[in-house]
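If you want the building blocks of each chain, they are given just below.
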Amino acid sequence: MADYTLPLPRVGPREIALVGGKGAGLGALIDGGFPVPDGFVVTTAAYRDFLDATGLAGRPAAELHERIPQVPVPERVAAAVLAAYAGIDGPVAVRSSGTAEDLADASFAGQHDTYLGVDGGQAVLDAVRDCWASLWTPRAVAYRERQGWDESELALAVVVQEMVDAEWAGVLFTADPVSGRRDHVVIEAVRGLGEDLVSGTVSGEHVVLDKSTARRVSGSASVPDTDELVRLGREVESAFGCPQDIEWTRAAGRFQLVQARPLTALPAEPARQERKRERRDYGMAADHMPFPPFPMDNSLFMRPTLRAIIGAIRTAGVATPTLDETVVEIDDGVIQVVPPQRLRLTPRAVTGIPRAVPPLVRLLRTSTTAWRERSEATLVALCRRVDSAELAALSDAELLEQVDALMSTLGSLMPSRFGAVPRGVLAGAVAERLLAAVVGSREQADLLHAGLMSAVPCVTTEANTTIARIAATVRADPELLAVYREEPATQVAGRLRETESGRALLADVEAYLREFGFREMSIFTVGLPPLRETPEVAHGLIKGLAQGPPADGDGADRLARGRAGLRGARGLRARLLTPVIRRLIEVERRTAGFREDSHYQLVMTLAVARRVVLELGRRFVERDVLDAAEDIAYLERGEVTELPTAAIRGVVARRKAARRAALPGYTIVPARLQTEPDDDSRVRGTPASRGTATGPVRIVHDESEFATLQGGEVLVCPYTNPTWTPLFALAAAVVVDAGGAASHAAIVAREHGIPAVMGTVNGTRMLSDGQRVVVDGGAGTVELAGAVELAGAVE
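Of note, aspartate 702 is situated in the loop between strand 18 (692-699) and strand 19 (714-717). By relative accessible area, aspartate 702 is classed as partly exposed at 28%. Each C-alpha atom of the pair aspartate 702 and valine 258 lies 61 Å from the other, and the pair is 444 residues apart in sequence. Leave out the neighbours within four places in its chain, and aspartate 702 touches Tyr719 and Trp724. A polar contact of 2.4 Å, which involves the side chain of aspartate 702, links it to the side chain of serine 704.

Listed below in structure tokens is the structure:
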């Protein structure tokens, strides 16, 4: 019976024909003094005698796969296995060990079966027999065919080992299997048993470390004692003479190795070169988050959104940093988001990416019409219901339930919202190229953006049209115009109430705020008031627009001129391409409107959630827990119920101080990762709307300064959002520290036909009010007018 089983310590490293590749590898590890769980090998002799005794030897693969699990194990083989198993206390892991696996040129990874937590003699025999059958699964047979493997002498051993109650488990690659770098090691780890990680059914922690120092290069910091694991990996690689793929477990603070095999299909080591840190353009992120989100924002939507994104990416087999490495608290309650600088494929991407394709395709096929209907029936209906509710009648717990319902409903819609946008972006890109082929590249920009993409039906167009109409009413009435000229925006409403015409105008403004007042002022937040809570911002817009010249036509006029220009194109190319261009532009227009409307529904949700949160804050003030209702934004959602009330004031005070300290120069993405100006003395950025314009600079730092912009001035600002866009009817050009070519400001600037330069970083710092500048929206430059005129004279 001795040849049917072998204790692992007696396995020789060269006995692959008897114990299989996995068994031989474990024997070599034990021989080298490495920690390995105790166990034994059911040898290939047992497998061959089983086939001979049952008459299955030489049968076709499909028959072997089907019948092996159904045939009893011969008594002499069963007795040997049970005798060896009697020396192990507790459950075991039963793992296949093929004579054709774990070799330098073919790993056979995942082709044969493994069974964990097997307990009892009969269960062990059944698991051994199932492992034998797995030698003949269709996937294993196909793998051998691809490898050109001769099956005539094929056999399977089975490793039976003590089951380790792992706290952590995973895989250690002693070279980077994706980049080929031999100076790195890569660890994939999960809490508990590692089989789901190896099989690719779960995502684990991913960490890359320097092989010589064990210093973390990238990835998770949560895997314990990685320095010890790296040391083990180095020693195994040295003992075996080549890079290794090592499976490991950790229990009671001790690592054990359960497999080591050569790392196959390793790319060639990349050529050594000086690696420069890549800096990227995160202007869009800065445009949406120019200030730190509040702790309440972090818990309601910042962390949940990023957690969902990270989970989706990892499920596809792409290694990403952990949530804690992505959302970094730089001070008490103040966060920054650290995007991954490189995404790496893990071995499970082989199955993960194909599995991710069908749902991704479904996402990209999202119908904007269907999304709108679903949002109206769920999110918008919920917002209207909560916003009209008598909040004072609800308990604290019921208020929090309302907030949770709003966030949950919003979260269920956001993936498909983003999935519906790329189709329109692609249509727009194709339309630009085709239109350029018909009318030329210079005319294309004016015809498309300042014509065919004007007056897109959406909430932003409606809001801008409404505020422009109110401003036109003020401009036409000397009495109303005098009020806006003489009073600061904060005092206008009081003066308007004194006259009948003023009261009528005030009613129009209030209707505007009811319809469009959910709009955010600066960032996505529940911590700052939206437009409906700051009517002085609306009066500031009206003040600036009313004192400026009447608009040179509206969006409908520009659209009509654009369509006429497209109809007027002549030539064979125009006749062939114009129908296609029309259809593409309709898709782009539909998507642009959808983007604006769905964005508004996002900020509507936050505005309504803010109303509920402020009710909680008001109650905390009544209970002498907070000094102001708005202070509740400095707490996270869970802290509202979990923090001792006596500690809340201190927490809020610390976080207020931390936020004030972080405001100067704050960026949502760390500045060290962002593109910096090549020359900080010059103002350059992303070309966002073609054309040139000359005019005096007007720096508008925030919404309270809207009324300072005069017609013909160059608007220079730190950020924008849709609330700012009515100002573009006055501006000669737009220069923004943040944002990109796809931002709201860029899109509306193109519609108005004015130059725009986005993402300058230093525009508000380098320029000052009254300076005459030349803005070149096609080149992305802003230069002093005198310097440009001098250069022209020299030429």
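Moving on from the model shown.
Our next topic: unusual backbone geometry. We note that aspartate 225 has phi near 50°; this positive angle belongs to a residue other than glycine. Topologically, aspartate 225 is positioned in the loop between strand 9 (216-219) and helix 8 (226-240). Residue classification places aspartate 225 among the partly exposed positions, given a relative accessible area of 36%. Positive phi values are uncommon outside glycine, yet alanine 455 reaches one of about 50°. Tracing the backbone through its elements, the reader meets alanine 455 in the loop between helix 16 (441-452) and helix 17 (459-476). Here alanine 455 falls in the buried class, since its relative accessible area comes to 18%.

So, about the nonpolar core. Residues Tyr512 and Phe728 are the most contacted members of the largest nonpolar core, which totals 111 residues. With 13 residues, the single largest contributor to this core is helix 23 (residues 572-622). Among residues more than four places away in sequence, those in contact with phenylalanine 728 are Leu715, Val734, Ala745, Val748, Ala749, His752 and Ile754. Core analysis: the next-biggest nonpolar cluster, separate from the first, contains 37 residues, Ala46, Leu56, Leu64 and Ala155 among them.

Turning next to the state of the cysteines. All chains considered together, the criterion is met by 0 disulfides. Cysteine 458 provides the cysteine sulfur closest to cysteine 383, a residue in no disulfide bond, and the two sulfurs are 19 Å apart. Here cysteine 383 falls in the buried class, since its relative accessible area comes to 1%.

The antiparallel open sheet is built from 6 strands, whose spatial order is 9-8-7-6-10-11. The strands lining the two open edges of the sheet, one partner per strand, are strand 9 and strand 11 (254-262). Strand-to-strand twist across the sheet, computed as the mean angle between neighbouring axes with direction ignored, equals 20°. Relative to strand 11, strand 10 (residues 244-251) runs antiparallel, the two sharing 8 bridges.

Relative orientation of the contacting elements helix 18 (residues 478-486) and helix 20 (residues 500-516) amounts to 65°, with a least axis distance of 10 Å. It follows from the interaxial angle that helix 18 and helix 20 lie roughly perpendicular. The way helix 18 lies across helix 20 gives a crossing that is right-handed. Across from Glu479, Leu480 and Tyr484 in helix 18, the residues of helix 20 making contact are Ser501, Gly502, Leu505 and Val509. Of the residues assigned to the contact of helix 18 with helix 20, the class counts are 4 nonpolar, 2 polar and 1 charged.

Rules behind the numbers
Residues numbered from 1 in each chain as written. Predicted model: local features only at pLDDT ≥ 70, side-chain atom pairs only at ≥ 80, totals over all residues. Heavy atoms only, no water. Helix = DSSP H or I, 4+ residues; strand = E, 2+ residues; numbered from the N terminus. Buried < 20%, exposed > 50% of the residue type's maximum accessible area, 1.4 Å probe, protein only. Contact = heavy atoms within 4.5 Å. Polar contact = N/O pair within 3.5 Å; in protein donor to acceptor, adjacent residues only side chain to side chain. Core = buried A, V, L, I, M, F, W, Y, C linked by side-chain atoms within 4.5 Å. Disulfide = S-S within 2.5 Å. Pairing = 2+ DSSP bridges. Axes fitted to C-alpha atoms, helices over the stretch in contact; angles between N-to-C directions. Parallel < 35°, antiparallel > 145°, perpendicular 65-115°, else oblique. Left-handed = near helix turned anticlockwise from the far one by under 90°. Nonpolar A, V, L, I, M, F, W, Y, C, P; charged D, E, K, R; others polar.

Purely geometric stuff here, so don't read any function into it on its own.
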